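In case you want the letters, here they are:
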Amino acid sequence: LTALINDITDLTFLQAGQVELKRASFSLPQLLAESLEQLGPLAARKGLSITTSIADSFPSICADARKVKVVLKNLISNAIKFTPAGGAITIGAEADGNEVRVAVQDTGIGIPEEEWEWVFKPFYQLENSLVREHGGIGLGLAIAKNLIELHSGRIWIESTVGKGSTFYFTLPDCLC
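Residues numbered from 1 in each chain as written. Predicted model: local features only at pLDDT ≥ 70, side-chain atom pairs only at ≥ 80, totals over all residues. Heavy atoms only, no water.

Participant: Looking at this structure, how should I read the side chain of Asp64?
Facilitator: Mapped onto the fold, Asp64 is located in the loop between strand E3 (61-63) and helix H3 (65-82). Overall, the relative accessible area of 4% leaves Asp64 in the buried class. With residues up to four places along the chain from it excluded, the contact list for Asp64 reads Glu20, Leu21, Lys22, Arg23, Phe26 and His151. (Helix = DSSP H or I, 4+ residues; strand = E, 2+ residues; numbered from the N terminus. Buried < 20%, exposed > 50% of the residue type's maximum accessible area, 1.4 Å probe, protein only. Contact = heavy atoms within 4.5 Å.)

Participant: Sorry, what's going on with the sheet that holds strand E2 (residues 49-53) here?
Facilitator: Sheet strands line up and pair through hydrogen bonds in the backbone, either parallel or antiparallel. Read across the open sheet, the 5 strands follow the order E2-E4-E5-E7-E6; overall the sheet is mixed. Of all the strands in the sheet, the pair left with one neighbour each is E2 and strand E6 (155-160). Across the sheet, the mean angle separating the axes of adjacent strands is 15° when strand polarity is ignored. With 6 bridges connecting them, E6 and strand E7 (residues 164-171) associate as antiparallel partners. Each residue of the ladder has a partner; that of Trp156, found in E7, is Tyr168. (Pairing = 2+ DSSP bridges. Axes fitted to C-alpha atoms, helices over the stretch in contact; angles between N-to-C directions.)

Participant: How should the nonpolar core be read in this particular structure?
Facilitator: Side chains of a nonpolar character, in soluble globular proteins, are inclined to be buried together. The biggest cluster of nonpolar side chains holds 41 residues, and the ones touching the most others in it are Leu28, Ile61, Leu72, Ile76 and Phe169. Breaking this core down by element, the ones donating at least two residues are helix H2 (28-45), E3, H3, strand E4 (88-96), strand E5 (99-106), helix H4 (140-150), E6 and E7. Those residues within four positions of Ile61 in sequence are excluded, and the remaining contacts are Ala24, Ser25, Phe26, Leu28, Val100, Cys174, Leu175 and Cys176. (Core = buried A, V, L, I, M, F, W, Y, C linked by side-chain atoms within 4.5 Å.)

Participant: When you look at the environment of Gly92 in this model, what are you seeing that I'm missing?
Facilitator: By the element assignment, Gly92 lies in strand E4. Overall, the relative accessible area of 16% leaves Gly92 in the buried class. Residues Gly92 and Ala55, spaced 37 residues apart in sequence, show a C-alpha to C-alpha distance of 9.1 Å. Not counting residues up to four positions away in its chain, the partners in contact with Gly92 are Ser53, Arg101, Val102 and Ala103.

Participant: What's the story with empty space enclosed by the protein in this structure? I'm lost.
Facilitator: Any empty space left between the atoms is revealed when a probe the size of a water molecule rolls over them. The full count for this structure, using the stated rule, is 1 cavity of 30 Å³ or more. Taken together, Leu28, Leu32, Ile54, Leu72, Ile91, Gly92, Ala93 and Val102 make up the full set of residues lining the largest cavity. For the lining of the largest cavity, the secondary structure elements donating two or more residues are H2 and E4. With 3 residues, the top contributor of residues to the lining of the largest cavity is E4. In terms of residue class, the lining of the largest cavity is made up of 7 nonpolar, 1 polar and no charged. (1 Å grid on protein atoms, 1.4 Å probe; cavity = no way out; pocket = protein on both sides within 12 Å on 5 of 7 lines; lining within 4 Å. Points joined across faces, edges and corners; volume = space filled by probe spheres on them. Nonpolar A, V, L, I, M, F, W, Y, C, P; charged D, E, K, R; others polar.)

Participant: Explain unusual backbone geometry to me, please; I cannot follow it from the model alone.
Facilitator: Keep in mind that most residues, glycine aside, have a negative phi and that most peptide bonds are trans. Notably, Ser152 is not glycine yet its phi reads approximately 65°, a positive angle. Turning to its location among the elements, Ser152 is positioned in the loop between H4 and E6. Unlike most non-glycine residues, Asp173 shows phi in positive territory, near 45°. Within the secondary structure layout, Asp173 lies in the segment after E7.

Participant: Would you explain the packing of aromatic side chains in this entry?
Facilitator: With the rule as written, the count across this model stands at 2 aromatic pairs. Between Phe120 and Phe167, the ring centres sit 6.0 Å apart and the planes meet at 80°, which makes this aromatic pair edge-to-face. Of this pair, Phe120 sits in the loop between E5 and H4 while Phe167 is found in strand E7, placing the two residues 47 residues apart along the sequence. Accessibility classification places Phe120 together with Phe167 in one group, the buried group. When the ring of Trp156 is compared with that of Tyr168, the centres are 5.1 Å apart and the planes differ by 15°; the resulting orientation is stacked. (Phe/Tyr/Trp six-rings, centres within 6.5 Å; stacked < 30°, edge-to-face > 60°.)

Participant: Which parts of the structure should I look at to understand the confidence of the model for the chain?
Facilitator: One rule of thumb: low pLDDT means the predicted coordinates there are not for detailed reading. On average, residues of the chain score 86 in pLDDT, and 81% of them are at 70 or above. With pLDDT under 50 throughout, residues 127-132 is counted as low confidence; its partners more than four residues away or in other chains account for 6 contacts. (pLDDT = per-residue confidence, 0-100.)

Below is the structure:
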């Protein structure tokens, strides 16, 4: 209940423009490692493999590390939630110019194309609440979208039903 209240409060402040960035230099590989340390046990319980494709020598990023970590954790936890037992999750990042693009790919249930624009709306659920087998209330992706947009970035999805989804986000002008 506390986590739900915190998510609603965070989203309310984000949408009202009352959240500021605290930019500092950080290591994206280290931030990802910390996120996976926290979420790895959830994936292990489902027998999911998680691989990363990001060099330890990845350039330092100047952004709000705490907020980027929230985005990573929300995307990874969704991938874990919607990937059947034995599936795989791959997380990668690349630098292009002064922009970073991160991808979280899963072999989960996939999302129909007509739903792509809706998944980032608060409280939106793909499944009917009466027959839903996956937890959550639909705030994680809405929070992620608002945090990425606060960084002047972009977040989007590519997905195939029955094969999985890839969530991408960019952080522009962020390389130190």
